[in-house]
Amino acid sequence: MTDTAPALDRLRGDAPPRNHDARTIAALTANPGCARRGLMDAAGVDKDAVARHLGFPAPFGQSQFAITRGNGFEQQVKENGCAELLTLLRERAGLDVAEVAYDDLEVVAGGEGRELRHARTRALLGRALDGDAGTLFDHPLLKLDIAGQPAYLEPDVIAFQLAGRFHVVEIKSFAVIDGQAEPEQVAAAARQAAVYVLALRRLVAELGHDPARVSHEVFLVCPENFSNRPTATALDVRPQLATVERQLARLTRVDRLVEALPDGLTFALGEELPETVRAVEARYAPECMASCEMAIFCRDEARACGATGVLGRSVRDDLGGVDSVAAALELADGTREAPPELAELAGQLRTAARLRAEALQLAAAGGVA
Ligand code: SF4
């Protein structure tokens, strides 16, 4: 636990910490600069419950149909000791996987305690790394430290290749049609797989082995062409790995955010919740709508104060140092004096405003002619 752990517990109020999973950890990378999200996630606050309490429920969530379909596909791929998955890895992905051992780590001696499951994952992985038998591990339970809180992660399967490297296999139920899948879904799967690769590398290092024995190449298994027939695609997740590592390093510095908070602040559900949430700075951007439970609340807040982020992350970044659209317009028409650090930006805004006015004049003149 870190020094900030008691403060983070207080922030959460009486609620139990919400565990991260690969999806939530991957989503941290979607808005790196948001203190609100960083703090709520570090404290394990249930953002979904907070958003509902504020009257702005999350705009997303999987339908029951999609969940059932996803579970059915995963079950099919893993049937008979992952027979279908092995065929795919051998034939389509070209992996030289010979006879394999298969271990399901979901149930340990009749119980499913997470510590116990994690200990068994460690033990079996250790044996496999030392050259003992063990090729496919189903339901391994990995652990990552997120600002002092253990986050348990469960990859769909880990395949152990003969060449001595582990590959994460991610099973997803979105379709690959004529070799193409929805880029956003592939990107999200790559971010999640990168979290698993990172957790696995840390475990391998803890066990005294080279983390590079966990490959940055992961395998994405999806249904093919409107059927339930699975297909496997190799993905290089090095860029996503770098981003996730950077973000986790930032999260461990959450102590700075905690220090800056007013005393007694808590995200416990109650009358003061809106005020509490607003006390922590947010960096809303339209991308939040796909990745953060707080998105509708933050969008409403950003619109109300005319934040530049409402116009998109690139506009906000281009207008760095100018927080509101109104301020940008005043700098552009010269009614606001720019401080020295914004002089260059103000000049660019005035030029843009002049060019726009000239273009409008020309268009109007052309229209009359
Ligand atoms: S929705 Fe709000 S809290 Fe979540 S990342 Fe965006 S700005 Fe931050």
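Remember, predicted model here, so these are calculated numbers, not experimental data. (Residues numbered from 1 in each chain as written. Predicted model: local features only at pLDDT ≥ 70, side-chain atom pairs only at ≥ 80, totals over all residues. Heavy atoms only, no water.)

**Thoughts on the overall build of the chain**
When you go through the chain residue by residue, the secondary structure sums to 14 helices and eight strands. Sequence-distant contacts in the chain: of pairs separated by 6 or more residues, those separated by 24 or more amount to 64%. (Helix = DSSP H or I, 4+ residues; strand = E, 2+ residues; numbered from the N terminus. Contact = heavy atoms within 4.5 Å.)

**Here we look at the pattern of salt bridges**
One pass over the full model with this rule turns up 17 salt bridges. Lysine 78 is paired through a salt bridge with glutamate 74; the nearest N and O atoms lie 2.8 Å apart. Note that lysine 78 and glutamate 74 are positioned in helix H5 (residues 64-91) at a spacing of four residues, about one turn of the helix. Residue lysine 78 shares its accessibility class with glutamate 74, and that shared class is buried. For lysine 172, the salt bridge is made with glutamate 170, and the minimal N-O distance between the two is 3.2 Å. As far as the burial class goes, lysine 172 and glutamate 170 line up, both buried. When salt bridges that share partners are traced, they join Arg37, Asp41, Lys47 and Glu293 into one network. (Salt bridge = Lys/Arg side-chain N within 4 Å of Asp/Glu carboxyl O. Buried < 20%, exposed > 50% of the residue type's maximum accessible area, 1.4 Å probe, protein only.)

**Observations regarding the nonpolar core**
In terms of nonpolar packing, the biggest core is built from 40 residues, with Ile25, Leu144, Leu153 and Phe166 touching the most fellow members. Those elements that provide at least two residues to this core are helix H2 (22-28), helix H6 (114-129), strand S3 (142-146), strand S4 (149-153), strand S6 (166-171), helix H7 (183-206), strand S7 (217-223) and helix H8 (238-251). With 12 residues, H7 is the largest single contributor of residues to this core. Counting 29 residues, the second largest nonpolar core, distinct from the first, contains Leu8, Ala43, Val254 and Phe297. (Core = buried A, V, L, I, M, F, W, Y, C linked by side-chain atoms within 4.5 Å.)

**So, the packing of H6 against H7**
In the contact formed by H6 and H7, the axes pass within 10 Å of each other and the chain directions differ by 70 degrees. One element, H6, and the other, H7, form an angle in the roughly perpendicular class. Crossing of H6 over H7 shows right-handed handedness. Residues His118, Thr121, Arg122, Leu125 and Leu129 of H6 lie in contact with H7, whose contacting residues are Leu200, Leu203, Val204 and Glu206. Broken down by class, the residue content of the contact of H6 with H7 amounts to five nonpolar, two polar and two charged. (Axes fitted to C-alpha atoms, helices over the stretch in contact; angles between N-to-C directions. Parallel < 35°, antiparallel > 145°, perpendicular 65-115°, else oblique. Left-handed = near helix turned anticlockwise from the far one by under 90°. Nonpolar A, V, L, I, M, F, W, Y, C, P; charged D, E, K, R; others polar.)

**Things to note about the packing of aromatic side chains**
Here the distance between the centres and the angle between the planes together describe a pair of aromatic rings. Counting across every chain of the model gives two aromatic pairs. Between phenylalanine 56 and phenylalanine 297, the ring centres sit 5.5 Å apart and the planes meet at 80 degrees, which makes this aromatic pair edge-to-face. Placement of the pair is phenylalanine 56 in the loop between helix H4 (47-53) and H5 and phenylalanine 297 in helix H11 (residues 295-304), with a sequence separation of 241 residues. Take phenylalanine 56: its relative accessible area is 21%, and that puts it in the partly exposed class. The exposure class assigned to phenylalanine 297 is buried, which follows from its relative accessible area of 2%. Aromatic side chains phenylalanine 137 and phenylalanine 166 sit 6.4 Å apart centroid to centroid with 25 degrees between the ring planes, which places their arrangement in the stacked category. On the criterion of sequence distance, the pair formed by phenylalanine 137 in strand S2 (residues 136-138) and phenylalanine 166 in strand S6 is long-range, its members being 29 residues apart. For phenylalanine 137, a relative accessible area of 2% corresponds to the buried category. We classify phenylalanine 166 as buried; its relative accessible area is 0%. (Phe/Tyr/Trp six-rings, centres within 6.5 Å; stacked < 30°, edge-to-face > 60°.)

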